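Residue-level structure breakdown
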Amino acid sequence: MKIRALGLMSGTSLDGLDLCYASFEKSDRWTFEILKAETFPYSAEWEEKLKNSVNLSSEELLELHSAYGFYLGQQVKEFIRKHQLEDIGLIGSHGHTVFHQPQKKFTLQIGDGRAIKLETDFPVVYDFRSQDVLMGGNGAPLVPIGDQLLFPEYDACLNLGGFSNISLQKNGKRIAFDIAPVNIVLNRLAQKLGKSFDENGDLARKGNINPDLIDQLNSLAFYQLPHPKSLGIEWCIQNVFPLLDNIETTDAMASFTEHVAQQISTVINEHHLKNILFTGGGTYNTFLVEKIQEKTTAEIIIPEKEIIDHKEALIFGFMGVLRMNNEVNVLSSATGSSSDHSSGIMA
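Quantities reported herein were computed from a predicted structural model and do not represent experimental measurements. (Residues numbered from 1 in each chain as written. Predicted model: local features only at pLDDT ≥ 70, side-chain atom pairs only at ≥ 80, totals over all residues. Heavy atoms only, no water.)

**Looking at unusual backbone geometry**
- That bond from Ala 140 to Pro 141 is cis: its omega, -15°, falls within 30 degrees of zero.
- With respect to the helices and strands, Pro 141 occurs in the loop between helix H4 (130-134) and helix H5 (144-150).
- Omega for the bond connecting His 227 with Pro 228 falls within 30 degrees of zero, at 5°, which places this linkage in the cis form.
- Structurally, the position occupied by Pro 228 is in the loop between helix H8 (211-218) and helix H9 (233-239). (Helix = DSSP H or I, 4+ residues; strand = E, 2+ residues; numbered from the N terminus.)

**Things to note about the pattern of salt bridges**
- Evaluated as defined, the whole model comprises 13 salt bridges.
- A salt bridge links Lys 311 to Asp 147, with the nearest nitrogen and oxygen atoms 2.7 Å apart. In this pair, Lys 311 is assigned in helix H13 (residues 305-324) and Asp 147 in helix H5, connecting sequence segments 164 residues apart. This pair shows no difference in class: Lys 311 is buried, exactly as Asp 147 is.
- The salt bridge partner of Asp 245 is Lys 192, with a shortest N-O separation of 3.6 Å. Of this pair, Asp 245 sits in the loop between helix H10 (241-244) and helix H11 (249-270) while Lys 192 sits in helix H6 (residues 183-192), placing them 53 residues apart in sequence. (Salt bridge = Lys/Arg side-chain N within 4 Å of Asp/Glu carboxyl O. Buried < 20%, exposed > 50% of the residue type's maximum accessible area, 1.4 Å probe, protein only.)

**Topic: the sheet that holds strand S11 (residues 275-279)**
- The sheet built from 5 strands is open, its strands ordered S10-S9-S8-S11-S12 with mixed pairing. Of all the strands in the sheet, the pair left with one neighbour each is strand S10 (173-181) and strand S12 (299-301). Neighbour-to-neighbour, the strand axes of the sheet open up by a mean angle of 20°, direction not taken into account.
- Set on the sheet, H11 makes contact with strand S8 (156-160), strand S9 (163-170), S10 and S11; between it and S10 the angle comes to about 165°. (Pairing = 2+ DSSP bridges. Axes fitted to C-alpha atoms, helices over the stretch in contact; angles between N-to-C directions. Contact = heavy atoms within 4.5 Å.)

**Some points on the pairing of S11**
- The buried count for S11 comes to 5 of 5 residues, which makes it a mostly enclosed element.
- In this sheet, S11 lies alongside S8 in parallel orientation, the contact comprising 4 bridges. Looking at S11, one finds that Asn 159 is bridged to Thr 279.
- Inspection of the sheet shows S11 paired to S12 by 3 bridges, in the parallel sense. Bridged to Ile 276 within S12 is Ile 300.

**Some remarks on the packing of aromatic side chains**
- Taken as a whole and judged by the stated rule, the model has 12 aromatic pairs.
- On the numbers, 5.1 Å between centres and 80° between planes, the contact of Trp 30 with Phe 318 is edge-to-face. Linking Trp 30 in strand S3 (residues 30-40) with Phe 318 in helix H13, this pair joins segments that are 288 residues apart in sequence.
- Residue classification places Trp 30 among the buried residues on the basis of a relative accessible area of 3%.
- By relative accessible area, Phe 318 is classed as buried at 0%.
- Ring centres 5.6 Å apart and planes at 55° place the aromatic pair Phe 222 and Trp 235 in the tilted group. Taken together, the residues Phe 222 in the loop between H8 and H9 and Trp 235 in helix H9 connect sequence positions 13 residues apart. In this structure, Phe 222 and Trp 235 share a single accessibility class: buried.
- Connected via pairs of aromatic rings, a cluster forms that spans Tyr 42, Trp 46, Tyr 68 and Tyr 71.
- Lying across the ring of Trp 46, Lys 49 places its NZ or CZ 4.5 Å from the centre. (Phe/Tyr/Trp six-rings, centres within 6.5 Å; stacked < 30°, edge-to-face > 60°. Lys NZ or Arg CZ within 6 Å of the ring centre and 35° of its normal.)

Rendered as structure tokens:
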């Protein structure tokens with residue numbers, strides 16, 4: 001079986017919309033080939049709309065849900081036109097997360113898939129998370145099914161995005177969980193200095209580490225919780241940002257980078273991992289990667305740019321393929337839901 005799919009991903013760090021057009025084939029195992037991949041940066045207007053979405057009234061949020069769905073469809077059309085794509089079996093769209101409170105049985109990714117279909121006329125699979133949350137899961141992380149089926153040669157896959165999360169095989173099952181916030185905090189600090197992000201971690205490298213701050217961060221209750229577990233922006237607003245607000249910005253960046261490196265290396269060492277695939281925008285933060293490598297003997301594998309930037313979009317396209325075939329695309333061992341299931345609304 002061979003199918004070409006287009007995956008869409010918008011991360012919490014708001015650096016743009018990732019589009020990944022790939023071919024998937026199943027024989028003995030699933031294999032893939034990325035054919036075209038690109039990130040469309042958000043305009044200042046769209047970045048502001050998405051950033052402010054958490055503060056909208058219910059009517060305004062419903063309006064944005066529709067408008068963003070049409071926006072996604074328009075971006076897909078532009079991507080298809082630009083690269084002259086013809087054979088698209090389906091679109092798998094993650095949407096953009098506004099709320100994520102699985103303990104209250106809800107999560108919200110805006111970007112109505114029906115609007116994407118109206119714009120593009122291709123089958124669309126969207127809203128991959130809600131069913132898992134209703135089934136008692138965290139609704140995250142979802143990418144582990146792709147890690148297990150598309151990247152089985154690595155002990156673990158670590159994503160450094162708005163948040164860091166890891167997936168790995170343990171006792172014959174794929175477990176996964178969020179480790180710590182990353183770019184959602186570091187980008188916010190960089191913006192205080194007039195930068196959209198801290199290129200290579202150069203700003204953090206200039207700062208001084210504040211041991212008291214690291215102790216406070218490491219003491220946050222989330223880090224003591226057993227997996228599966230996941231993080232959202234609400235947790236950062238409540239627990240992290242207040243600790244950083246009165247610290248000199250580069251010192252806060254240096255200290256937070258050290259904190260993240262400590263949390264990630266602890267997980268790597270506890271699970272005796274030998275090789276780990278690193279992806280996500282944080283992989284370009286050489287200061288952070290150096291800090292992690294200092295604290296572990298595991299081999300850190302940094303793949304080609306297409307995989308670093310577009311692995312999540314690739315996997316949401318793949319999850320759409322699995323959903324269309326009614327195959328499992330969400331693992332209960334990763335999310336904590338009552339059973340493995342095939343998730344996503346089809347439009």
